[in-house]
Amino acid sequence: MRAVAVFPQRHSIEVIDHPAPPASSPTEVRANVLEVGVCGTDREIARFEYGIPPAGNDYLVIGHESLAEVVEVGDAVDGMAPGDLVVTMVRRACGRPDCRPCRAGRQDFCVTGDFIERGIKERHGFMTDQVVDDARFMVKVPGELRAVGVLTEPLTIAQKALDELWRAQDRLPWINADADPGARGRGHRAVVLGAGPVGLLGAMALREAGFETTIYSRSPAPNAKADLAGAIGVRYVSSSDHDLNELVEIAGRPDVIYEAAGVADVAMDVLNVLGPNGVFVFTGVPGPEQAKTLDASALVRQMVLGNQLILGTVNAGRGAYESAVATLGAFHRRWPVEVAALITKRHPLEEAPDLLTAPSHGIKDVVSMNGTS
Ligand SMILES: NC(=O)c1ccc[n+]([C@@H]2O[C@H](COP(=O)([O-])OP(=O)(O)OC[C@H]3O[C@@H](n4cnc5c(N)ncnc54)[C@H](OP(=O)(O)O)[C@@H]3O)[C@@H](O)[C@H]2O)c1
Ligand SMILES: [Zn+2]
Ligand SMILES: [Zn+2]
């Protein structure tokens, strides 16, 4: 099988011949990989800053955002058949008896840090011809989402964040967490920091949930990301043209801030404009070099007197994958052109090493295993 492998020790990225995975248990599924999305984590791995090969291997097959077509199912697998489209989950439990989240099937909340992640940490990923995994780590995707299903994994970030948000806002008796999903955010404002794939998918999810949504991001408008935002009814305000006071004048004080820029200084500045009873959701992962001196007493005062909440979120559980598939379907029905436009370009596998090492431009690059470009 062809695969894109990262060799951390000899600092190379190569298309290699990789043995086909054996399907060894009746609960396993074999699927042909159709598409693999590329994100910042992959680029970090390709710079050899992150990424750990499986034990006994000198390389890691990269890729964790996938869409595949089932070709074989084990005898004990229910509800999955050849021809079905599937997305395979990324994280696996740490296996430590003292890790309650992993034992409860919520390895996205793992407390030991010893979890395994396909394509990232200690298990091969999906940028290869075939994938085999246990059916409980595969989520079905309807055929109508063939062109955008590869966005499921990045959308799980927003999906988990929204799940957490609604649980948290259950504390506010006038918010009806059981309302129609498109109505829960109605009458509330959201600001999304950053207009990369994580920010844009977050903005779509917040908009779909009924929020009046504004993206606050660096590049001056007009630009392709601002146009895409406009087309889904999301306001775009550039931090190059407008300071925070102007953001508040334009967008109002937000009830939710969804941070997806990965820049700590900017995030802490924007936290200052969070509205009363508001929730600040961190999804970005800043580099270690960034530092900021905070006016800690002002921040604590604001948070206490404003009943505010800050939450961070990483990875996602099976429930978030299933709801991300449903949400992607809703996006596809409502904004078919815009969702498809999140995928900037499809590249053949042979181009993946160059793609992974080149600076990213556009929104989401995808490697297409059947060579469609
Ligand atoms: N929590 C999780 O599970 C999870 C999973 C995957 C990724 N992430 C993290 O999520 C973050 C976003 O990922 P991504 O792939 O969407 O990243 P990305 O493509 O790099 O997008 C970052 C966005 O932030 C904007 N930005 C950068 N610096 C800014 C500044 N100083 N002020 C305002 N906007 C600024 C960029 O503006 P331009 O458009 O002008 O470049 C861009 O739109 C990353 O930190 C990533 O590590 C988290
Ligand atoms: Zn990713
Ligand atoms: Zn664990």
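A quick note: this is a predicted structure, and the numbers were derived from the prediction, not measured. (Residues numbered from 1 in each chain as written. Chains lettered and ligands numbered in written order. Predicted model: local features only at pLDDT ≥ 70, side-chain atom pairs only at ≥ 80, totals over all residues. Heavy atoms only, no water.)

Some thoughts on a nonpolar patch on the surface
Worth spelling out the cut-off: Within the patch definition used here, like charges are joined within 9 Å and nonpolar side chains (Val, Leu, Ile, Met, Phe, Trp, Tyr) within 5 Å, considering only residues with over 30% relative accessible area and no salt bridge. Note on areas: Shrake-Rupley with a 1.4 Å probe; residue coverage comes only from the protein chains shown. Every case where a carboxyl oxygen of Asp or Glu lies within 4 Å of a side-chain nitrogen of Lys or Arg is listed as a salt bridge. A helix here means a DSSP run of H or I that spans at least four residues, while a strand means a run of E at least two residues long, and both kinds are numbered starting from the N terminus.
On the surface, Val-300, Val-304 and Leu-305 cluster together into a nonpolar patch covering about 330 Å² of accessible area. Locating Val-300 in the fold gives a position in helix α8 (residues 296-305).

Some details on the sheet that holds strand β4 (residues 60-61)
To be explicit about the condition: Criterion used throughout: strands pair if DSSP finds at least two bridges between them.
Taken in spatial order, the three strands make up an open sheet running β2-β1-β4, and their pairing is antiparallel. Unpaired on one side and paired on the other, β2 (12-17) and β4 mark the two borders of the sheet. Sheet analysis places strand β1 (residues 2-7) next to β2, joined by six bridges and oriented antiparallel. Pairing of Val-4 across the sheet is with Val-15, part of β2.

Regarding the sheet that holds strand β14 (residues 235-238)
To keep things clear, this is the line we draw: Where helices are involved, their axes are fitted lines through C-alpha atoms of the stretch in contact, as for all axes, and angles between N-to-C directions lie from 0 to 180°. Whether two residues are in contact is decided by their heavy atoms: any pair within 4.5 Å suffices.
Pairing in this open sheet of six strands is parallel, and the strands run β14-β13-β12-β15-β16-β17 from one edge to the other. Strands with a single pairing partner mark the edges of an open sheet, and in this sheet they are β14 and β17 (309-312). Averaged over all neighbouring strand pairs, the angle between strand axes comes to 20°, with direction disregarded. Examined bridge by bridge, strand β12 (residues 189-193) and strand β13 (residues 212-217) share five bridges and lie parallel to one another. Paired with Val-191 across the bridge in β13 is Thr-214. Lying on the sheet, helix α7 (residues 264-271) is in contact with β12, β13, β15 (256-259), β16 (279-282) and β17; it crosses β16 at an angle near 170°.

Let's talk about the domain arrangement of the chain
Let me state the cut-off plainly: Boundaries between domains were set according to an automatic or database domain assignment. Here the buried area means the combined drop in accessible surface, using a 1.4 Å probe, for two parts upon being joined, counting both sides. We call two N or O atoms a polar contact when they sit within 3.5 Å, provided that within protein one can donate a hydrogen and the other can accept it, with sequence-adjacent residues counted only if both atoms are side-chain atoms. Amino acids are sorted into nonpolar (Ala, Val, Leu, Ile, Met, Phe, Trp, Tyr, Cys and Pro), charged (Asp, Glu, Lys and Arg) and polar (every other residue, Gly among them).
As far as domains go, the chain holds domain 1 (2-148 + 342-368) and domain 2 (154-312). Placing a centre on the C-alpha atoms of domain 1 and another on those of domain 2 gives a separation of 29 Å. Taken together, the contact pairs eight residues of domain 1 with nine residues of domain 2. For the pair domain 1 and domain 2, the two sides together bury roughly 700 Å², of which 75% comes from carbon and sulfur. Sorting the residues of domain 1 by area buried against domain 2 places Phe-109, Leu-342 and Ile-363 first, and these three jointly supply 65% of that buried surface. Where domain 1 packs against domain 2, one counts one salt bridge. Its salt-bridge partner being Lys-160, residue Asp-108 comes within 3.0 Å of it at the nearest N-O pair. Summed over the shared surface of domain 1 and domain 2, the number is one residue pair in polar contact (both at pLDDT 80 or more). Among the residues forming the side of domain 1 that touches domain 2, the class breakdown is three nonpolar, one polar and four charged.

Brief notes about a negative patch on the surface
Quick reminder of the rule: All tallies of charge rest on Lys and Arg as positive and Asp and Glu as negative; His and the ends of each chain are not included. The atoms used to mark charge sites are NZ of Lys, CZ of Arg, CG of Asp and CD of Glu. For every residue, the accessible area (1.4 Å probe, protein chains only) is compared with the maximum for its type, and the residue is labelled buried under 20%, exposed over 50%, or partly exposed between those bounds.
Where like charges cluster on the molecular surface, the negative patch consists of Asp-241, Asp-243, Glu-246 and Glu-249. For Asp-241, the location among the structural elements is in the loop between β14 and α6 (244-251). Classification of Asp-241 by relative accessible area gives partly exposed; the value is 44%.

Examining the site of ligand 1
Convention followed: We call a residue near a molecule or strand as soon as one heavy atom of that residue lies within 4 Å of the molecule or strand.
Taken together, 22 residues sit near ligand 1, with Ala-195, Arg-218, Ser-219, Thr-283 and Thr-313 positioned nearest. Between Val-198 and ligand 1, the recorded distance is 3.0 Å, taken from a backbone N or O atom to an oxygen atom. At a separation of 3.1 Å, an oxygen atom of ligand 1 approaches a polar backbone atom of Asn-315. A total of 940 Å² of accessible area belongs to ligand 1 in isolation, and the protein chains cover 78% of it. Class assignment for the residues of the shell around ligand 1 results in ten nonpolar, ten polar and two charged.

Some remarks on the coordination of the zinc ion (ligand 2)
Quick reminder of the rule: The donor set comprises N, O and S atoms within 2.8 Å of the metal, extended to 3.2 Å for Na, K and Ca; water molecules are omitted, so apparent gaps in a site may simply reflect that omission.
In this structure, Cys-39 (SG), His-64 (NE2) and Glu-65 (OE) serve as the protein donors to the zinc ion (ligand 2), at separations of 2.1 to 2.3 Å. According to the relative accessible area criterion, Cys-39 is buried, its value standing at 14%.

Side note on the coordination of the zinc ion (ligand 3)
As a reminder of what qualifies: Labels for metal geometry use angle windows, namely 85 to 135 degrees for all angles of a four-donor tetrahedral site, and for square planar (four donors) or octahedral (six donors) sites opposite donors over 155 degrees apart plus all others within 65 to 115; sites meeting none of these are irregular.
Taken together, the protein ligands of the zinc ion (ligand 3) are Cys-94 (SG), Cys-99 (SG), Cys-102 (SG) and Cys-110 (SG), with distances of 2.2 to 2.4 Å. Of note is the zinc ion (ligand 3), whose four donor atoms meet at the metal with angles of 106 to 113° in an arrangement that counts as tetrahedral. Read N to C, the donor residues that coordinate the zinc ion (ligand 3) are spaced as C-x4-C-x2-C-x7-C. Each member of the pair, Cys-99 as well as Cys-102, carries the same accessibility label: buried.

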